[in-house]
Amino acid sequence: MRHLYVACAIIEREGKVLAAQRSSSMTLPLKWEFPGGKIEAGESPEECLMRELQEELGVSIRITAALSPATHHYSTFTVTLYPFTCSLAGGEITMHEHHALQWLEPHRMPELDWAAADLPVISEYMAGAAKNGPR
């Protein structure tokens, strides 16, 4: 079974986080996720995230913290996510791959239909937000 290693960004702005909806032609069509992508050989998760966000959204980011890696087994592949909280450092968000983007308050994240691999990331993020208050 294929095992993918993916870096993803919880981009924070004014007390909200950015959620991205996968396009209908992608694996896990129309599920919500944190933007990011596959880590290439010789690339760190942080380098991957910076490259992917430039490619997918046309923005540069500043990484503020790493969350715990999360592994999920789908029926046809396994994915390990390397999540990071981030802020925007430059550029204007432009959708190059996703169907939709949405800024939402952290407590509203469970309202969306997320890819299963993102659920433990959301839980950890929300637990930290509840403990530390909004960022």
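Residues numbered from 1 in each chain as written. Predicted model: local features only at pLDDT ≥ 70, side-chain atom pairs only at ≥ 80, totals over all residues. Heavy atoms only, no water.

Enquirer: Where do I start with the overall build of the chain in this structure?
Expert: The secondary structure content of the chain amounts to two helices and eight strands. From first element to last, N terminus to C terminus, the chain shows the α and β order β-β-β-β-α-β-β-β-β-α. Relative to the 2.2 N^0.38 estimate, which gives 14 Å for 135 residues, the radius of gyration of the chain is 14 Å and therefore close to what a compact globule would have. Once the C-alpha set of the chain is aligned to its principal axes, its extents read approximately 40 × 30 × 30 Å. Of all intrachain contacts in the chain linking residues separated by at least 6 positions in sequence, the fraction that spans at least 24 positions is 67%. (Helix = DSSP H or I, 4+ residues; strand = E, 2+ residues; numbered from the N terminus. Rg over C-alpha atoms; globule rule 2.2 N^0.38 Å. Contact = heavy atoms within 4.5 Å.)

Enquirer: Any chance you could explain the layout of surface pockets here in plain terms?
Expert: One simple way to see leftover space: roll a probe sized like a water molecule over the atoms. Looking at the largest pocket, its volume works out to about 450 Å³. In terms of lining, the largest pocket is formed by 25 residues, of which the most central are Leu 4, Val 6, Arg 22, Glu 33 and Lys 38. Those elements that place two or more of their residues in the lining of the largest pocket are strand 1 (2-13), strand 4 (36-38), helix 1 (45-57) and strand 7 (77-90). Element by element, the count of residues in the lining of the largest pocket is highest for strand 1, at five residues. Residue classes in the lining of the largest pocket are distributed as 14 nonpolar, three polar and eight charged. (1 Å grid on protein atoms, 1.4 Å probe; cavity = no way out; pocket = protein on both sides within 12 Å on 5 of 7 lines; lining within 4 Å. Points joined across faces, edges and corners; volume = space filled by probe spheres on them. Nonpolar A, V, L, I, M, F, W, Y, C, P; charged D, E, K, R; others polar.)

Enquirer: Just checking my understanding: could you explain the side chain of His 98 for this structure?
Expert: With respect to the element layout, His 98 can be found in the loop between strand 7 and strand 8 (100-104). A distance of 2.8 Å separates polar atoms of two side chains, one belonging to His 98 and the other to Glu 33. Apart from the residues within four sequence positions on either side, His 98 is in contact with Ala 20, Gln 21, Arg 22, Ser 23, Glu 33 and Glu 56. (Polar contact = N/O pair within 3.5 Å; in protein donor to acceptor, adjacent residues only side chain to side chain.)

Enquirer: I would appreciate a short explanation of the packing of aromatic side chains in the present structure.
Expert: When we look at a pair of aromatic rings, we describe it by the centre distance and by the angle of the planes. Scanning all chains against the criterion turns up two aromatic pairs. Ring geometry for Phe 34 versus Trp 114: centroids 4.7 Å apart, planes at 40°, classification tilted. Linking Phe 34 in the loop between strand 3 (32-33) and strand 4 with Trp 114 in the loop between strand 8 and helix 2 (119-132), this pair joins segments that are 80 residues apart in sequence. The buried category is assigned to Phe 34, whose relative accessible area is 2%. (Phe/Tyr/Trp six-rings, centres within 6.5 Å; stacked < 30°, edge-to-face > 60°. Buried < 20%, exposed > 50% of the residue type's maximum accessible area, 1.4 Å probe, protein only.)

Enquirer: Honestly, the pattern of salt bridges in this entry has me stumped. Any pointers?
Expert: Where charged atoms of side chains with opposite charge meet at close range, the side chains can pair. Tallied over the full model, the rule gives nine salt bridges. In this structure, Glu 43 and Arg 51 form a salt bridge, with 2.7 Å as the shortest nitrogen-oxygen distance. In this structure, Glu 111 engages Arg 108 in a salt bridge whose closest nitrogen and oxygen atoms are separated by 3.1 Å. Residues joined in a network through salt bridges with shared partners are Glu 40, Glu 43, Arg 51, Glu 52 and Glu 55. (Salt bridge = Lys/Arg side-chain N within 4 Å of Asp/Glu carboxyl O.)

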